[in-house]
Amino acid sequence: MKTIVTNIKQLVQVEKTPRRWAAGEEMANVETIEDAYLLVENGRVAAFGAMQEFNEETLGNETFQEIDATGRLVLPTFCDPHTHLVNAGSREVEYIDKIKGLSYEQIARRGGGILNSAARLREASEEELLEAAAERLREIAAQGTGAVEIKSGYGLDTASELKMLRVIRRLKEISPLTIKSTFLGAHAVPGEYKGRQAEYVDLVINEMIPLVAAEELADYIDVFCDKGFFTVEETDRILNAGMKHGLRAKIHANELAPSGGVQVGVKYNALSVDHLEHVGEGEIAALLGSETMPTILPGAAFFLGLPRSPAREMIRAGLPVALASDYNPGSSPSGNMRFILSLACINYKMVPEEAINAVTLNAAYAMGAEEELGSIAVGKRASFFITKPVPGVAYLPYAFGSDWIEAVFIDGNAV
Ligand code: NIG
Ligand code: FE
C-alpha cells in the first residue's frame, strides 16, 4: 500500500545521508524542502523531493492514498527518550504542597514523591498499569510522538520492578509506537530499606539486574544519581553490573546538584545523561568527544521551578542536545513534546531549528532509534505528522498552547 503526501508547504528535517546526531552549530540547520512530496510504501519512506520532480508514473497502477498537504508542514514524529509513563496514577496532592512551598526533596523525605508512587504501583495489577499506560501512549501519539522510552523505577522491589518491565514489554507488543524500556531499580531507596541504602544497592545488583537481563526485559539501565538519592560510587557499581549484563546506561544526573553523574555516565559510555540542571565546564568537557547524548528535560525544570540547564553553553561548546518530556506524575505530568519544543526556545534560548533537531534526530539517538526514526530519510520508518495550515517552522514553538497538529502517521498509518 502506497501513500503519497503532495503539495507539502515545507517538508522538514529531511536527510539524504542519515546522521547519528546534530551537534554544535549544526544544530541550527534543519534541511527543508519547499513545495514537496513524500511517498510512503509499506510503512517506510520510499521517496521525497520537490513537487516538480514528482513523477506520477512512479505510483504505477497500484491503488494509493493521496493526501493533499497544501499550506501544511510535514515533520518526522517526535522521539521522547525519557519518560516514566508506566505508573499508578497522578500526584496532585504533592502539587498543592509544592505550590505552598515544599521542595521536591522535602516531599521525598516525608515519604511522598517516588515512594508514594511506589506504594500505589505495588498494589496495582499488571492489567491496570497496562490500560493506564496504553491510554497515555494514545495521548502522546496524538500529540505527535512516534517513539518513547519508558522506565521502571516505581516498583523498588524485585517483583514490582519486573511487573513494570513486563507491562512495558506488553506495550511494545500492542502499541504502534517504537518503545524502549529502561530498568531504573535505583530510582529511590524503598521504605523497607530506609537507613540500609547499601543493602538496597546490593539487591539491585545481585538480584534485580540478573533477573531483568535473564528475561530480556530492558534495553537500558538507569540510576537516579543525585543528591539525596544515589551516590556516584553506587551509580558506578550499578552501571558496571548493568554493563556486564549487556545493559547500556541512560541515567538521571545533575538535576538537584552537581552530582558527578555526568562524569560517571560518560565513563560507562552512557547513551544519554538526562536532566542536567547543574552542569558546568567539567561536565561539558567530559561530554565533548563522547558518544553520550546530553538530554534536557524542560518540563521537569518548568514544573519544579529548577534552574535551567545551560543549553546555549553546551551547544556553543560543540555538544549535541536532545530534549525529552520526562512524563511522570511527580515532576512533569505531561508528555506533550509540542510544549517541550516551546520551552526549549522560550526558557533555554534554543532557536526553533535547534529545538527541532533536539526533539527529532538527537532524541532518536538518545533512545537508540536513530537508524529508524528522527528524520525523513529513504528507508526509515514513515512516522511523521502533518500540521494545520501554519506560516512556517518558527510558528510551531511560538504558538505554545495551540494544537497545530492535524494528523499523525506511524509507519505510514494514521493514528
Ligand atoms: O525524572 N528525578 C527523578 N525521577 C523523576 C521523577 C519521578 C517522580 O517524582 O515520580 C524525574 O524527574
Ligand atoms: Fe526522569
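Below you will find a few notes about this structure. Being a predicted model, the structure only gives us computed values, none of them experimental.

## Remarks on the environment of Val 45
Next up, step 1: Mapped onto the elements, Val 45 comes out in strand E3 (residues 44-50).
Next up, step 2: A relative accessible area of 4% places Val 45 in the buried class.
Next up, step 3: When neighbours within four sequence positions are excluded, Val 45 is seen to be in contact with Leu 38, Leu 39, Ile 376, Ala 377, Val 378, Gly 379, Lys 380, Arg 381 and Ala 382.

## Brief notes about the environment of Thr 83
Next up, step 1: Mapped onto the secondary structure, Thr 83 falls in the loop between strand E6 (78-80) and helix H1 (92-99).
Next up, step 2: For Thr 83, a relative accessible area of 0% puts it in the buried group.
Next up, step 3: Taking the C-alpha atoms as reference points, Thr 83 and Tyr 268, 185 residues apart in sequence, are found 21 Å from one another.
Next up, step 4: Not counting residues up to four positions away in its chain, the partners in contact with Thr 83 are Val 148, Glu 149, Ile 150, Lys 151, Ser 325, Asp 326 and Tyr 327.
Next up, step 5: Within the structure, the side chain of Thr 83 is placed 3.4 Å from the backbone nitrogen of Leu 85, a separation counted as a polar contact.
Next up, step 6: A distance of 2.7 Å separates a polar side-chain atom of Thr 83 from the backbone oxygen of Glu 149.

## Observations regarding the coordination of the iron ion (ligand 2)
Octahedral metal centres with six donors ideally show angles of 90 or 180 degrees, and tetrahedral centres with four donors ideally show 109.5 degrees.
Next up, step 1: In the first shell of the iron ion (ligand 2), the protein supplies His 82 (NE2), His 84 (NE2), His 252 (NE2) and Asp 326 (OD), at 2.1 to 2.3 Å from the metal.
Next up, step 2: Mapped onto the sequence, the residues coordinating the iron ion (ligand 2) show the spacing H-x1-H-x167-H-x73-D. Of this pair, His 82 sits in the loop between E6 and H1 while Asp 326 is found in the loop between strand E13 (322-323) and helix H12 (337-348), placing the two residues 244 residues apart along the sequence. Accessibility assignment for this pair places His 82 and Asp 326 in one class, buried.

About the thresholds
Here the residue numbers are simple positions, counted from 1 along each chain's written sequence. Whichever chain is written first becomes A and whichever ligand is written first becomes 1, with later ones labelled in order. Under the rules for a predicted model, residues below a pLDDT of 70 receive no local features and side-chain atom pairs below 80 are neither given nor counted, while totals for whole chains, interfaces and linings still include all residues. Values reported for side chains reflect all heavy atoms of the structure, with hydrogen atoms and water molecules removed beforehand. Each helix corresponds to a stretch of at least 4 residues labelled H or I by DSSP, and each strand to a stretch of at least 2 residues labelled E; elements are numbered beginning at the N terminus. For every residue, the accessible area (1.4 Å probe, protein chains only) is compared with the maximum for its type, and the residue is labelled buried under 20%, exposed over 50%, or partly exposed between those bounds. Only heavy atoms enter the contact rule, under which two residues are in contact if any of them lie within 4.5 Å. Polar contact is the term for a pair of N or O atoms within 3.5 Å; when the atoms are in protein, one must be able to donate a hydrogen and the other to accept it, and sequence-neighboring residues count only if both atoms are side-chain atoms. For Na, K and Ca the donor cut-off is 3.2 Å, while for other metals it is 2.8 Å, and in both cases only N, O and S atoms qualify; water is not among them, so sites may look incomplete.

These results come straight from atomic positions and should not be treated as a statement about function.
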